[in-house]
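# Commentary on secondary and tertiary structure
Residues per chain are reported as follows:
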Amino acid sequence: MDSRQLEYFVAVAEELSFTRAAQRLFTVQSTVSAAVRALETDLKTTLFDRSTRRVALSAAGQALLPEAKAALEALDRARAAVEEASTGLRGNVRIGTLARLNMVNMAELLGAFHRKYPLVEVQVATSPTGSTGLADDVRHGRLDVALLGLPKPEMGGLDVRDIATVPFVALLPASHPLAGRTRHTKPHGMPGVRLEELAGERFVDMPPGFGNRKMVDRAFDTIGMPRRIQVEVPELTTIPDYVRVGLGVAVVPDLELAEEPDVAKVPIKGTELTWTLSVATAAGRRPSRAVTALLDLIGESTRPYF
């Protein structure tokens with residue numbers, strides 16, 4: 001077997017499709033199929049159970065997959081070590097992030113990384129399914145590292161480093177009866193609203209795959225008062241617009257949202273509801289030298305960039 005055969009096998013195993021694997025590797029399906037057949041011939045076994053409708057790993061394929069990934073990663077590290085010794089750090093880093101994440105100045109961060117390691121190619125992607133999609137891409141090797149926010153129980157299969165934590169706040173139309181809770185409403189009283197006071201409202205929020213949506217849904221389920229989502233939008237920064245025109249209220253992380261004159265930002269009280277931004281890599285998989293260098297830079301530059 002050779003490394004190209006292993007690379008094609010891993011791509012098919014992760015995509016469970018010869019067509020998608022070929023697209024991922026920028027080649028044609030016949031080349032991928034021929035490489036996998038040659039590998040099966042060399043190993044004298046069937047690696048995939050194929051039908052007209054689906055592709056699935058056989059028992060032998062499941063046994064080979066982690067070993068093939070480890071072998072390819074070892075080869076990448078060996079090549080990188082030799083190249084770094086002669087010409088400087090090389091490699092490829094695929095990083096995923098949430099759209100319009102104000103907590104991270106991604107352009108400044110990656111610009112600094114490029115100036116320090118000009119021979120490393122960086123690819124940046126966002127996921128239409130939010131943190132859930134980013135986490136899945138990291139687990140399956142489609143991304144090397146991701147900036148995401150998910151509840152800890154949903155971080156399985158990932159090595160996670162927390163970067164920053166912010167509280168959730170309620171966004172209410174200025175005319176809402178609870179909008180005045182931004183200030184102390186009685187002597188020695190605490191400003192804010194309880195989730196129970198909002199449970200009967202219509203809500204504006206992001207789709208279910210986003211970490212902040214999952215956390216708020218779980219918080220309302222915990223108090224036995226599931227909420228009704230009236231409007232779903234893919235970007236956090238657009239939520240105040242829908243609140244302002246009265247289409248619902250929102251409970252969102254306090255991520256430096258633009259101030260809206262007709263939207264009140266009210267603290268949440270009675271619960272420790274917070275959102276944490278984390279950087280994640282795949283558990284049990286040693287990061288490449290290039291990925292390690294990026295992780296180190298994120299750690300060093302928390303204050304300038306976050």
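Provided above is the structure to which this section pertains.
Residues numbered from 1 in each chain as written. Predicted model: local features only at pLDDT ≥ 70, side-chain atom pairs only at ≥ 80, totals over all residues. Heavy atoms only, no water.

### Some words on the environment of Glu40
Looking at the element boundaries, Glu40 is found in helix α3 (residues 29-43). Placed 141 residues apart in sequence, Glu40 and Arg181 show a C-alpha to C-alpha distance of 67 Å. (Helix = DSSP H or I, 4+ residues; strand = E, 2+ residues; numbered from the N terminus.)

### Overview of the side chain of Thr97
Within the secondary structure, Thr97 is located in strand β3 (residues 91-97). By relative accessible area, which is 8% here, Thr97 ends up buried. (Buried < 20%, exposed > 50% of the residue type's maximum accessible area, 1.4 Å probe, protein only.)

### Section: the nonpolar core
Judged by nonpolar contacts, the single largest core of 72 residues is most densely connected at Leu171, Leu198, Phe220, Ile239, Val251, Trp275 and Leu294. At eight residues, the largest contribution of residues to this core is made by strand β6 (residues 158-173). The contacts of Ile239, once residues within four sequence positions are left out, are Leu171, Val204, Asp205, Met206, Val233, Ala250 and Val252. Listed in part, the 23 residues of the second largest apolar core include Leu6, Val12, Leu39 and Phe48. (Core = buried A, V, L, I, M, F, W, Y, C linked by side-chain atoms within 4.5 Å. Contact = heavy atoms within 4.5 Å.)

### A word on the packing of aromatic side chains
The tally for this structure, following the rule as stated, stands at four aromatic pairs. The interplanar angle of 50 degrees and the centroid separation of 5.5 Å between the aromatic rings of Phe9 and Phe48 together place this pair among those described as tilted. Of this pair, Phe9 sits in helix α1 (residues 3-15) while Phe48 sits in strand β1 (residues 48-50); the two residues are 39 residues apart in sequence, bridging distant segments of the chain. Overall, Phe9 belongs to the buried group, its relative accessible area being 0%. Ring pairing ties together the aromatic residues Phe9, Phe18 and Phe48, which thus form one cluster. Above the ring of Phe203, the side-chain terminus of Arg227 is found at 4.9 Å from the ring centroid. (Phe/Tyr/Trp six-rings, centres within 6.5 Å; stacked < 30°, edge-to-face > 60°. Lys NZ or Arg CZ within 6 Å of the ring centre and 35° of its normal.)

### Here's the deal with the packing of α1 against α3
Taken N-terminus to C-terminus, the directions of α1 and α3 make an angle of 110 degrees; their axes are 9 Å apart at the nearest point. Taken as axis vectors, α1 and α3 run roughly perpendicular relative to one another. For the pair α1 and α3, contact is made by Gln5, Leu6, Tyr8, Phe9 and Val12 and by Thr31, Val32, Ala35, Val36, Ala38 and Leu39, respectively. Among the residues making up the contact of α1 with α3, the classes are represented as nine nonpolar, two polar and no charged. (Axes fitted to C-alpha atoms, helices over the stretch in contact; angles between N-to-C directions. Parallel < 35°, antiparallel > 145°, perpendicular 65-115°, else oblique. Nonpolar A, V, L, I, M, F, W, Y, C, P; charged D, E, K, R; others polar.)

### What about the pairing of strand β11 (residues 274-282)?
Across the nine residues of β11, eight count as buried, placing the element largely inside the fold. Pairing of strand β5 (residues 145-148) with β11 involves three bridges; the strand directions are antiparallel. Paired with Leu147 across the two strands is Val279, which belongs to β11. Bridge count for β6 against β11 is nine bridges, and the pairing is antiparallel. Residue Thr165 lies in a different strand from β11, and its bridge partner there is Thr276. (Pairing = 2+ DSSP bridges.)

### Remarks on α3
Compared with an ideal rise of 1.5 Å per residue, which puts 15 residues at 21 Å, α3 spans 21 Å between its outermost C-alpha atoms and is within 8% of the ideal. Every buried residue of α3 is listed here: Val32, Ser33, Ala35, Val36, Leu39 and Glu40. Viewed along the axis of α3, the buried residues span an arc of 165 degrees, placing them on a single side of the element. Residues Ser30 and Thr41 are exposed on α3 and point more than 90 degrees away from its buried face. Looking one or two places after α3, you find Lys44, whose phi comes out positive at around 60 degrees. (Expected span 1.5 Å × (residues − 1). Arc of directions from axis to C-beta.)

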